[in-house]
Amino acid sequence: MKNLFDELSYEVSKYTTQKYSTSFSLGILALKPAIRPAIYAIYGYVRLADEIVDSFHGYDKEKLLKRLKAETYEALEDRISLNPILHSFQETVRKYDIDIKLINQFLHSMEMDLHKIDYNSDLYKEYIYGSAEVVGLMCLQIFTEGDKQQYDKLKPFAMKLGSAFQKVNFLRDLKDDYQLLGRTYFPSLNMSVFDNIVKTQIENEIEQEFKEALQGIKKLPGSSIFGVYLAYRYYLSLFEKIKRTSSQNMLQQRIRIANSQKLLVAFKSYIRYKSAYF
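Residues numbered from 1 in each chain as written. Predicted model: local features only at pLDDT ≥ 70, side-chain atom pairs only at ≥ 80, totals over all residues. Heavy atoms only, no water.

Observations regarding the overall build of the protein
Helix and strand content of the protein: 13 helices and 0 strands. Its C-alpha radius of gyration of 18 Å places the protein within 12% of the 19 Å reference for a compact globule of 278 residues. For the C-alpha atoms alone, the extent of the protein along its principal axes is close to 60 × 50 × 35 Å. Counting the 278 residues in the protein, one finds 50% classified as buried. Contacts in the protein between residues at least 24 apart in sequence constitute 71% of all its contacts with a sequence separation of at least 6. (Helix = DSSP H or I, 4+ residues; strand = E, 2+ residues; numbered from the N terminus. Rg over C-alpha atoms; globule rule 2.2 N^0.38 Å. Buried < 20%, exposed > 50% of the residue type's maximum accessible area, 1.4 Å probe, protein only. Contact = heavy atoms within 4.5 Å.)

Let's talk about a negative patch on the surface
A contiguous patch of negative charge on the surface is contributed by E71, E74, E77 and D78. Tracing the backbone shows D78 in helix α4 (residues 61-78). According to the relative accessible area criterion, D78 is exposed, its value standing at 51%. (Patch = residues over 30% accessible without salt bridge, like charges linked within 9 Å, V, L, I, M, F, W, Y side chains within 5 Å. Areas by Shrake-Rupley, 256 points an atom, 1.4 Å probe, with all protein chains shown as cover. Salt bridge = Lys/Arg side-chain N within 4 Å of Asp/Glu carboxyl O. Lys, Arg positive; Asp, Glu negative; His and termini not counted. Charge placed at Lys NZ, Arg CZ, Asp CG, Glu CD.)

Topic: helix α11 (residues 225-244)
Along an α-helix, residues three or four apart share an orientation, since each turn contains 3.6 residues. Helix length check: α11, at 20 residues, gives a terminal C-alpha distance of 29 Å against a target of 28 Å (1.5 Å per residue), a fit within 8%. Where burial is concerned, most of α11 is hidden: 15 out of the 20 residues are buried. (Expected span 1.5 Å × (residues − 1).)

So, the pattern of salt bridges
A side chain of one charge can pair with a side chain of the opposite charge when the charged atoms of the two come close. Counted by the stated rule, this structure contains 15 salt bridges. Where E51 meets R47, a salt bridge forms, and the shortest distance between an N and an O atom there is 2.9 Å. One end of the pair, E51, and the other, R47, are both in helix α3 (residues 36-55), 4 residues apart, so they sit about a helical turn from each other. Across the salt bridge formed by E207 and K243, the nearest N and O atoms sit 3.0 Å from each other. Of this pair, E207 sits in helix α10 (residues 196-217) while K243 is found in helix α11, placing the two residues 36 residues apart along the sequence. Overall, K243 belongs to the partly exposed group, its relative accessible area being 29%.

What to know about the packing of α3 against α4
At a minimum axis separation of 9 Å, α3 and α4 run at an interaxial angle of 160°. What the angle tells us is that α3 and α4 run roughly antiparallel. As for how α3 packs across α4, the hand of that crossing is left-handed. Listed contacts from α4 to Y45, L48, A49, I52, V53 and D54 of α3 are K61, L64, L65, L68 and T72. (Axes fitted to C-alpha atoms, helices over the stretch in contact; angles between N-to-C directions. Parallel < 35°, antiparallel > 145°, perpendicular 65-115°, else oblique. Left-handed = near helix turned anticlockwise from the far one by under 90°.)

So, the nonpolar core
Grouped together as the largest cluster of nonpolar side chains are 77 residues, with contacts concentrated most on Y45, F106, M138, F210 and I217. If one sorts the elements of this core by residue count, α11 sits on top with 13 residues. Those residues in contact with F106 that lie beyond four places of it in its chain are Y45, V46, A49, G130, S131, V134, V135 and M138. (Core = buried A, V, L, I, M, F, W, Y, C linked by side-chain atoms within 4.5 Å.)

Some remarks on α4
Between its terminal C-alpha atoms α4 stretches 25 Å, which fits the 26 Å expected from 18 residues at 1.5 Å a residue. Among the residues making up α4, those that are buried are K61, L65, L68, T72, A75 and L76. Axial view of α4: buried residues confined to an arc of 95°, hence all on one face. Along α4, the residues that are exposed and aim more than 90 degrees away from the buried face are K63, K66, E77 and D78. Packed against the buried residues of α4 are α3, α5 (84-95) and α6 (100-112). In the stretch just after α4, R79 is the one whose phi turns positive, near 65°. (Arc of directions from axis to C-beta.)

In structure tokens form, the structure reads like this:
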């Protein structure tokens, strides 16, 4: 029976999320159960592409990404895929009427990661839109469940949140991106002069996006508001730790939040949420 394969596909995406991200996994658990599988499917798909460009060293990344791209469009056209992650993704795209343009833009940003690019302001915005903001918009389409008016109203905030998350990732992964992958995403950033002044300038930009995004989180439907707020608080705690870390140490280590600290963040976030203090 095909429904067994459907169930398996969503379970694979769920396990992928749990394996790669404790933070997002806990955030998804705070969503309404009915929409959790779709969010797992989104995360599983974008993680698949991320792994190709970030981790599969020694393999033909360009060939693998082209294959994923072709299989994505085939799955959407055929309404099925033997790849469980792709299968759950295509079903989610159809169920929630996710715009194919968002998928195109995401894959375009993944293709950008295959090449060494000197990011100017325009390319930086283009990359962030495709790698992070469109993912936020895919999730928003699920959260609003077909309410176009609500989607349009919340769209700018979802993009700000996705952008803030991605820029925090850039700072967190600064060492590995530069030393292992030869990437620097921030426009015209010369790593030889990355100091606390430059770091603070980047942090001020992120801080403003977090503030703007929070206003949108407060307007989300009840089915998703706490889950998104929890993810926001996780990233905010990581951001605060990054702010406390010197620029020199940023280039020597990858900043992390311990799982025990994440649980404390979850507890405090729930108290804030229930008291309407956030």
